[in-house]
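# Examining the three-dimensional arrangement
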Amino acid sequence: SGQPEFPEQLAMALMKSGGNPDSFSLAITGQAFGINAIIVPKLMDITVNEKVKGVFWFRDTHRKAKIHTDVVAFHTGTGAKLFDETIFYELEIDEPSAAQIKQGQWPDSISFPDAMGEAAEIAGEMICEVLAETPWEGYISAVNGDQVTLPFGEVHNLKVGTTLDVFNIKDILEGAEQQRYFLPGLKTGQIVLTAVSPLEAVGKVAEGGKVLPNSIV
């Protein structure tokens, strides 16, 4: 969920990762844009699958590119992995493309972004099943006095008058390979939404102490 345009900051974070994304940085960026999960596909291998079909003079060789990707989904609330899956899928190709693959080249007939998008789309269906089993949560993107802003809105079923509990995420855990994760903290208060647009909501602190940016609701 979140804004329909792919955030430039998130694209830059992925580009700088060199194929090994920093889940902590992705989590910070995702929270700011109202994204609950970030899917990162990585190409592992591409091979050719050839089959001869038909009879007699109607026989023909059918070629497909078999693409192997690893797809990781990160939870932006904590930076932890939601899943890490291997995905295989096939695309129809012609003879020149098959020759390129056999030579260790990426085929001209297949757009690399489209190929990775296909893997991300498959993973997207999987992540929806995972998220459907978890409670909805959002993040506070800005605080001005007792007024707070969330990068979520009507498309996320938020309405004026909705009361949301606020939890801090100031604690950080450092794990293996110096990966860092947010640790959800205790409830610090409540906010009541006073204005809601399709992709943004504004609320007012109704209970508790100071509310911090990036707090979970």
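Presented here is a report on the structure given in the accompanying data block. (Residues numbered from 1 in each chain as written. Predicted model: local features only at pLDDT ≥ 70, side-chain atom pairs only at ≥ 80, totals over all residues. Heavy atoms only, no water.)

### A look at the pattern of salt bridges
One pass over the full model with this rule turns up six salt bridges. Note that Glu-50 is salt-bridged to Lys-102, the shortest N-O span being 3.2 Å. Of the two residues, Glu-50 is situated in strand S1 (residues 37–53) and Lys-102 in helix H3 (residues 95–102); the sequence distance between them amounts to 52 residues. With relative accessibility at 36%, the residue Glu-50 sits in the partly exposed group. The exposure class assigned to Lys-102 is exposed, which follows from its relative accessible area of 56%. Linking Asp-165 and Lys-187 is a salt bridge whose minimum nitrogen-to-oxygen distance equals 3.2 Å. One end of the pair, Asp-165, is in strand S6 (residues 163–167); the other, Lys-187, is in strand S9 (residues 187–197), with 22 residues separating them in the sequence. Counted as one network, the salt bridges with shared partners bring together Glu-50, Arg-63, Glu-95 and Lys-102. (Salt bridge = Lys/Arg side-chain N within 4 Å of Asp/Glu carboxyl O. Helix = DSSP H or I, 4+ residues; strand = E, 2+ residues; numbered from the N terminus. Buried < 20%, exposed > 50% of the residue type's maximum accessible area, 1.4 Å probe, protein only.)

### Side note on the sheet that holds strand S2 (residues 60–75)
What the three strands build is an open sheet, ordered S1-S2-S3; its pairing is antiparallel. In this open sheet, the two strands that pair with only one neighbour each are S1 and strand S3 (81–93). When the angles between neighbouring strand axes are averaged without regard to direction, this sheet yields 15 degrees. One ladder, built from 16 bridges, connects S1 with S2; its direction is antiparallel. Looking at the pairing, Ile-46 lines up with Ile-67 of S2. Helix-sheet contacts for helix H4 (residues 112–132) involve S1, S2 and S3, and the interaxial angle to S3 is about 135 degrees. (Pairing = 2+ DSSP bridges. Axes fitted to C-alpha atoms, helices over the stretch in contact; angles between N-to-C directions. Contact = heavy atoms within 4.5 Å.)

### Quick look at H3
Taken residue by residue, H3 has Ser-97, Ala-98, Gln-100 and Ile-101 as its buried positions. End-on, the buried residues of H3 take up no more than an arc of 160 degrees, which puts them together on one face. In H3, those exposed residues whose orientation departs by more than 90 degrees from the buried face are Glu-95, Pro-96 and Lys-102. Once H3 ends, the next one or two residues include Gly-104, with phi positive near 85 degrees. (Arc of directions from axis to C-beta.)

### A word on the environment of Thr-163
With respect to the secondary-structure elements, Thr-163 resides in strand S6. Along the chain, Thr-163 and Ala-206 lie 43 residues apart, while their C-alpha atoms are 8.6 Å from each other. Beyond its immediate stretch of four places on either side in the chain, Thr-163 contacts Gln-190, Ile-191 and Val-192.

### Details of the packing of aromatic side chains
Enumeration over the complete set of coordinates arrives at two aromatic pairs. A centroid spacing of 5.1 Å and a plane angle of 75 degrees characterise the contact between Trp-106 and Phe-112, whose relative ring orientation is edge-to-face. Phe-112 sits in the partly exposed class, given a relative accessible area of 39%. Plain terms: the ring middles of Tyr-139 and Phe-152 are 6.3 Å apart, the flat faces sit at 50 degrees to each other, and that makes the pair tilted. Separated by 13 residues along the polypeptide, Tyr-139 in the loop between H4 and strand S4 (142–144) and Phe-152 in the loop between strand S5 (147–150) and S6 bring together distant segments of the chain. When its relative accessible area of 1% is taken as the criterion, Tyr-139 is described as buried. We note Lys-66 situated over the ring of Phe-88; from NZ or CZ to the ring centre the distance is 5.3 Å. (Phe/Tyr/Trp six-rings, centres within 6.5 Å; stacked < 30°, edge-to-face > 60°. Lys NZ or Arg CZ within 6 Å of the ring centre and 35° of its normal.)

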